[in-house]
Amino acid sequence: DTQIKSESFLEDINNILNSGDVPGIYDPSEIDEIFATMKPIVQASGMNPTKSNLMSRYCMRIRSNLHCVLCMSPIGEVFRARLRQFPALVNCCTIDWFSEWPDEALRSVANALLGETDIDDPGLLSGLVES
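Small disclaimer: the values here were computed from a predicted structure and weren't measured.

Taken together, Trp 101, Leu 106, Val 109 and Leu 113 make up a surface patch of nonpolar side chains, about 400 Å² in accessible area. With respect to the helices, strands and loops of the structure, Val 109 is situated in helix α6 (residues 103-114). A relative accessible area of 37% places Val 109 in the partly exposed class.

To continue, consider the side chain of Arg 82. Among the structural elements, Arg 82 can be located in helix α4 (residues 77-85). By relative accessible area, Arg 82 is classed as buried at 7%.

Applying the stated criterion across every chain yields a total of four salt bridges. The salt bridge involving Arg 80 is made with Glu 77; its shortest N-O contact spans 3.3 Å. Here Arg 80 and its partner Glu 77 are both found in helix α4, three residues apart, which amounts to about one turn of the helix. A salt bridge links Glu 77 to Arg 84; the shortest N-O distance between them is 2.8 Å. Classification of Glu 77 as partly exposed rests on a relative accessible area of 43%.

This next bit is on helix α2 (residues 28-44). Over its 17 residues, α2 extends 25 Å from the first C-alpha to the last, a length consistent with the 24 Å expected when each residue adds 1.5 Å. Met 38 marks where α2 bends most, by close to 40°; the proline Pro 40 follows one to four residues later. As for α2, its buried residues are in contact with α3 (51-65). Positive backbone phi, approximately 85°, marks Gly 46, located one or two places after α2.

Before going further, it helps to examine the packing of α2 against α3. Direction vectors running N to C along α2 and α3 enclose 90°, while the axes themselves pass 9 Å from each other. Overall, the two elements α2 and α3 adopt an arrangement that is roughly perpendicular. Mapping the contact onto sequence places Ile 34, Phe 35, Met 38, Lys 39, Ile 41 and Val 42 in α2 and Lys 51, Asn 53, Leu 54, Met 55, Arg 57, Tyr 58 and Arg 61 in α3. Class assignment for the residues of the contact of α2 with α3 results in eight nonpolar, one polar and four charged.

What counts as what
Residues numbered from 1 in each chain as written. Predicted model: local features only at pLDDT ≥ 70, side-chain atom pairs only at ≥ 80, totals over all residues. Heavy atoms only, no water. Patch = residues over 30% accessible without salt bridge, like charges linked within 9 Å, V, L, I, M, F, W, Y side chains within 5 Å. Areas by Shrake-Rupley, 256 points an atom, 1.4 Å probe, with all protein chains shown as cover. Salt bridge = Lys/Arg side-chain N within 4 Å of Asp/Glu carboxyl O. Helix = DSSP H or I, 4+ residues; strand = E, 2+ residues; numbered from the N terminus. Buried < 20%, exposed > 50% of the residue type's maximum accessible area, 1.4 Å probe, protein only. Expected span 1.5 Å × (residues − 1). Bend = angle between axes of the 7 residues up to and from the residue. Contact = heavy atoms within 4.5 Å. Axes fitted to C-alpha atoms, helices over the stretch in contact; angles between N-to-C directions. Parallel < 35°, antiparallel > 145°, perpendicular 65-115°, else oblique. Nonpolar A, V, L, I, M, F, W, Y, C, P; charged D, E, K, R; others polar.

Shown next, in the form of C-alpha cells:
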C-alpha cells in the first residue's frame, strides 16, 4: 500500500469491485463493441437488448470474472482512512489477515509435513523442525 501513488487508483478499484465499471473509462466506439458482443448473450437470457440491460449484463460478467489481489498493511491510520473512503475494499472482497504464527503452530505444521517424508532419523526430523 506504500506504492499507491494516487488515491484515484483506489477509487477505480473501488468502483470496479462495487459495480464492475469505472465511469468514463470507455470510448464510444468501445461501448458500441461491448453492446454488439453482449446483445446475443442478453437475448439468449430472455431479456430485451436495451442499452441498460447490455451494460448491466456486461458489468455483472466483469464482477463475476475479475480477480485481483491487493496487499495493504493494517497498521496505521492510512489503512483505516482508505477503508472508510473506499468501502468496497471491505464489502466486496475476501480479506486474508496474515500475522506472525505462534512457535507451536509452526512446529505442528513442520512435523505434519515432514512426517510424510522418508526421514527415519528422529533426531534429524527434530533438528529440521527446530531450525
